[in-house]
Amino acid sequence: MFYKYKEIPAEFSDIAPFNDKMFKEKMKELVAEPGFEHAVRYIMPDVDYPAFVDGLLKIETQSDFQRRVMGNFLEELAKKTTNGIEIDGIENCSPRRNYTFITNHRDIVLDASFLNLCFIRAGMPITQVAIGNNLLIFEWIADLVKLNRSFIVKRDVKRVEALDAARQLSAYIHYTIATLHESVWIAQREGRAKDSNDMTQESLVKMLSLAGDGSVKDNLLGVNLCPVSISYEFDPNDYLKAREFLLRRRDPEFKKTQRDDLFSMETGILRNKGRVMFRVGRCINDRLVDFPSDDRLEVIHEACRLIDQTIHCGYEIYPCNYIAYDELSGKKDFASRYSAADVESFDRYINAQLDKVDVADVTAEERDFMRGMMLTMYANPLKNKLSALDCPK
């Protein structure tokens, strides 16, 4: 249950989710926003909006909102845009413990949402979710995510303020786990790995170690880091990432616009993802506590290594991953893992995605470049899994 009777400490008020005391007032403000209505009608074109609003205004708590509204919405979205969402390794989560679930990052919106859907299905508590304020383009979006138990990661602060922002975020995560007795979700890096070469950012682990009264190792043990691997059979944004690689190749100073970010979010939510697998690994505490060094940087490096190893070992590998790996290598090492029909289907898929790239005057060489980048996106999970020897049991 969310912290219904706990006031949000003043030091966290600008980043913490709204509590139940604030829920109804903030929901009333949200449903009056034209932007929110437009988004609901876009995602659910057949919605009876007045009835939908009436239902929202009758909800009393965030927990009810997440389970009755967001849970049902995500189930419908899963039916329309995936070929099934599964979770494995859920037995690695002790009901007597709260975790920092740290995952690779595939989709801006749905990574944490679909993980929480798996937890709802399993009758487990839902996590709070870290979200960067660069995505909160409108004030109503910020209100929506805070109603949905997201806390804010400040990414637009000046360099002199960055350490204070990191300390505040670290303290909030420690507070959520130790005092509120809730779990949190956070991605292993800022932004998605465009080529699906998932590696944990040391700066993220350093941030998690800032709060607490002990050593860096003790502080990391306090947040119970539990790696989770996310595998999407198909990435709806693969062609948009290939487009970005091309535009950056043409102009190293290229930067995406807010419109690009919004379209990427929309595409990730609404388009086909194929099969989706979440694999929960073991909490790294049992291995990190035995690490022989207490040197700050060595502990950070070891924590990153353990997270990466667990995530890489947990990937679900689909035929498209084997095909992409073999095509890039020019060999047939994994030919037994796919059929001629699989190759034809994947080739047709890649070409159809490339046809969507809206860049003028793309040459044959540039199209080949984008194709190679898309194949790299699909090959890297297998490449990393093969490299992650001695997977933890």
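Provided above is the structure to which this section pertains.
Worth saying up front: this structure is predicted, and the values here are computed from it rather than measured.

A. Seen up close, the packing of aromatic side chains. This model, assessed by the stated rule, comprises 14 aromatic pairs. Judged by centre distance (6.3 Å) and plane angle (35°), the rings of Y49 and F52 are tilted. Taken together, the residues Y49 and F52, both in helix α3 (residues 49-57) and three residues apart, mark about one turn of the helix. Their ring planes at 55° and their centres at 5.3 Å tell us that F151 and Y172 sit as a pair that is tilted. Here Y172 lies in helix α7 (residues 159-178) and F151 lies in strand β4 (residues 150-153), a separation of 21 residues in the sequence. Residue F151 is classed as buried on the basis of its relative accessible area of 0%. We classify Y172 as buried; its relative accessible area is 1%. What links up through ring pairs into an aromatic cluster is the set F12, F151, Y172 and Y175. Positioned over the ring face of F369 is R249, at 4.4 Å from the centre of the ring.

B. Fine view of the pairing of strand β7 (residues 276-280). Of all five residues in β7, five are buried; the element is thus mostly enclosed. On β7, burial covers both faces: V276, F278 and V280 on one face and M277 and R279 on the other are all buried. When strand β1 (residues 85-88) meets β7, the two strands line up parallel, connected through four bridges. In the strand pairing of β7, I87 is matched with F278. The pairing of strand β6 (residues 225-232) with β7 spans five bridges and is classified as antiparallel. Paired with Y232 across the bridge in β7 is V276.

About the cut-offs
Residues numbered from 1 in each chain as written. Predicted model: local features only at pLDDT ≥ 70, side-chain atom pairs only at ≥ 80, totals over all residues. Heavy atoms only, no water. Phe/Tyr/Trp six-rings, centres within 6.5 Å; stacked < 30°, edge-to-face > 60°. Helix = DSSP H or I, 4+ residues; strand = E, 2+ residues; numbered from the N terminus. Buried < 20%, exposed > 50% of the residue type's maximum accessible area, 1.4 Å probe, protein only. Lys NZ or Arg CZ within 6 Å of the ring centre and 35° of its normal. Pairing = 2+ DSSP bridges.

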